[in-house]
Amino acid sequence: MKDGRTHLAYKPEHAVDLDTGVIVAAALHPADEGDTTTIAGTLTVAEKNLAQISAAPTTDQPSELVADKAITRAPS
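Residues numbered from 1 in each chain as written. Predicted model: local features only at pLDDT ≥ 70, side-chain atom pairs only at ≥ 80, totals over all residues. Heavy atoms only, no water.

Caption draft 1: Broad picture of the overall build of the protein chain. Per the secondary structure count, the protein chain includes one helix and two strands. Secondary structure elements of the protein chain occur, N-terminal to C-terminal, as β-β-α. In the protein chain, which comprises 76 residues, the share counted as buried stands at 14%. Intrachain contacts of the protein chain at a sequence separation of at least 6 include 23% that bridge at least 24 residues. (Helix = DSSP H or I, 4+ residues; strand = E, 2+ residues; numbered from the N terminus. Buried < 20%, exposed > 50% of the residue type's maximum accessible area, 1.4 Å probe, protein only. Contact = heavy atoms within 4.5 Å.)

Caption draft 2: Quick look at unusual backbone geometry. Although it is not a glycine, Ser54 sits at a positive phi angle of roughly 55 degrees. Topologically, Ser54 is positioned in the segment after α1 (35–51). Judged by relative accessible area, which is 72%, Ser54 ranks as exposed.

Caption draft 3: Layout of the layout of surface pockets. Of the pockets and cavities examined, the largest pocket occupies roughly 1100 Å³. Taken together, 29 residues form the lining of the largest pocket, with Ala15, Val16, Leu43, Leu65 and Val66 sitting closest to its centre. Every element with two or more residues in the lining of the largest pocket is listed here: β1 (10–16) and α1. For the lining of the largest pocket, the residue count by class is 16 nonpolar, five polar and eight charged. (1 Å grid on protein atoms, 1.4 Å probe; cavity = no way out; pocket = protein on both sides within 12 Å on 5 of 7 lines; lining within 4 Å. Points joined across faces, edges and corners; volume = space filled by probe spheres on them. Nonpolar A, V, L, I, M, F, W, Y, C, P; charged D, E, K, R; others polar.)

In structure tokens, the structure reads:
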């Protein structure tokens, strides 16, 4: 923007295997969509990527999802 601020049109979102630290999905989403809206798409990409190496979750061996909790601050 003219005043030096950056106006993001997209936001990156990634999925990481917590046991190995490997990034199993990376996606760009519109910046005006919240995490609760975009997480399903990122998880679908992760599942497809893991399926390519025969590591996708199954009903016999499901995976766990760990997400961060949004922190909101009161205006200062």
